Amino acid sequence: MTATPENSSGHARAPIRRQVAGLPVGGGQSCISVQRVIADASVYDRLLPRIVAAVEAQVTGDPSDDTTDVGPLVSEDAAKRVESWVDEAVTAGAKLLTGGKRDGASYAPTVLTDVPADVTIACEEVFGPVLTVQKVDGETEAFAAANDSKYGLQAGVFTHDLQAAFRAHRALEVGGVVIGDVPSYRADQMPYGGAKQSGVGREGVKFAMDDYTYERVLVLTGLAL
């Protein structure tokens with residue numbers, strides 16, 4: 001998820017709401033939940049404390065309770081794995097701004113900054129309620145940071161510049177680019193799928209029909225037609 005300089009003109013709150021809304025999707029256990037936030041330097045200092053405050057306001061608990069924002073992970077082992085990845089990042093120099101605590105199978109919504117590029121949580125899908133926030137200088141650096149991954153399912157880009165939106169679509173090595181929202185958006189009619197190690201092929205009604213169809217050939221020779 002990237003935030004471009006155009007969001008510096010007083011429009012940062014909507015991206016924050018959507019970033020945090022994308023965090024608790026299945027407790028972060030979704031391939032298109034928000035994990036990486038890449039923010040331009042012009043908005044970073046105002047964006048970061050608002051993200052932290054919004055994440056701290058997330059309520060963890062029983063997913064059947066309407067007041068719960070973030071439920072438990074699929075198992076205690078899964079929560080322990082998330083805990084170990086966060087601990088590894090902090091030991092390597094990342095800053096823990098909120099969260100970082102496990103209670104059984106639940107893991108508190110967490111925000112990290114200054115995450116080294118070679119730690120596990122920077123290279124793999126965490127499948128837990130963890131956000132990493134990275135500062136970049138300009139659009140080109142933002143796209144390069146987003147592409148610096150072996151995965152490429154979807155990306156969300158917050159911008160008010162239509163041409164920047166088109167540039168993002170051309171530059172980002174992902175299966176889908178969502179403008180003005182987080183990458184957690186999908187619809188059945190979309191050709192949903194990724195690039196690189198995010199899979200082969202596409203999901204969706206048309207593509208499901210294609211998958212259940214096989215092409216056959218009839219060759220006619222030596223016959224009067």
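A. Structural context of the environment of Val52. In this fold, Val52 is placed in helix H2 (residues 41–56). Between the C-alpha atoms of Val52 and Pro109, which are 57 residues apart in sequence, the distance is 9.6 Å. When neighbours within four sequence positions are excluded, Val52 is seen to be in contact with Leu97, Thr98 and Val111.

B. The arrangement of the side chain of Thr132 in detail. Looking at the element boundaries, Thr132 is found in strand E7 (residues 130–136). Excluding residues within four positions of it along the chain, Thr132 makes contact with Gln35, Arg36, Val37, Leu112 and Val115.

C. Here's a closer look at the layout of surface pockets. Approximately 370 Å³ is the volume found for the largest pocket. Lining of the largest pocket is provided by 17 residues; of these, Arg36, Val115, Ala117, Ala122 and Gln134 occupy positions nearest its centre. Broken down by secondary-structure element, the contributors of at least two residues to the lining of the largest pocket are strand E2 (36–40), helix H4 (120–123) and E7. In terms of residue count, E7 provides more of the lining of the largest pocket than any other element does, 4 residues in total. Across the lining of the largest pocket, the residue classes break down as 9 nonpolar, 3 polar and 5 charged.

D. Representation of empty space enclosed by the protein in the model. Scanning the model with the defined rule gives 1 cavity of 30 Å³ or more in all. Empty space within the largest cavity amounts to approximately 470 Å³. Along the walls of the largest cavity sit 28 residues, with Ser33, Gln35, Arg36, Tyr151 and Gln154 positioned nearest its centre. Of all the secondary structure elements, the ones that give two or more residues to the lining of the largest cavity are E2, H4, strand E8 (151–152) and strand E9 (154–158). If one sorts the elements of the lining of the largest cavity by residue count, H4 sits on top with 3 residues.

Rules behind the numbers
- Residues numbered from 1 in each chain as written.
- Predicted model: local features only at pLDDT ≥ 70, side-chain atom pairs only at ≥ 80, totals over all residues.
- Heavy atoms only, no water.
- Helix = DSSP H or I, 4+ residues; strand = E, 2+ residues; numbered from the N terminus.
- Contact = heavy atoms within 4.5 Å.
- 1 Å grid on protein atoms, 1.4 Å probe; cavity = no way out; pocket = protein on both sides within 12 Å on 5 of 7 lines; lining within 4 Å.
- Points joined across faces, edges and corners; volume = space filled by probe spheres on them.
- Nonpolar A, V, L, I, M, F, W, Y, C, P; charged D, E, K, R; others polar.

Coordinates in, geometry out; function isn't part of it.
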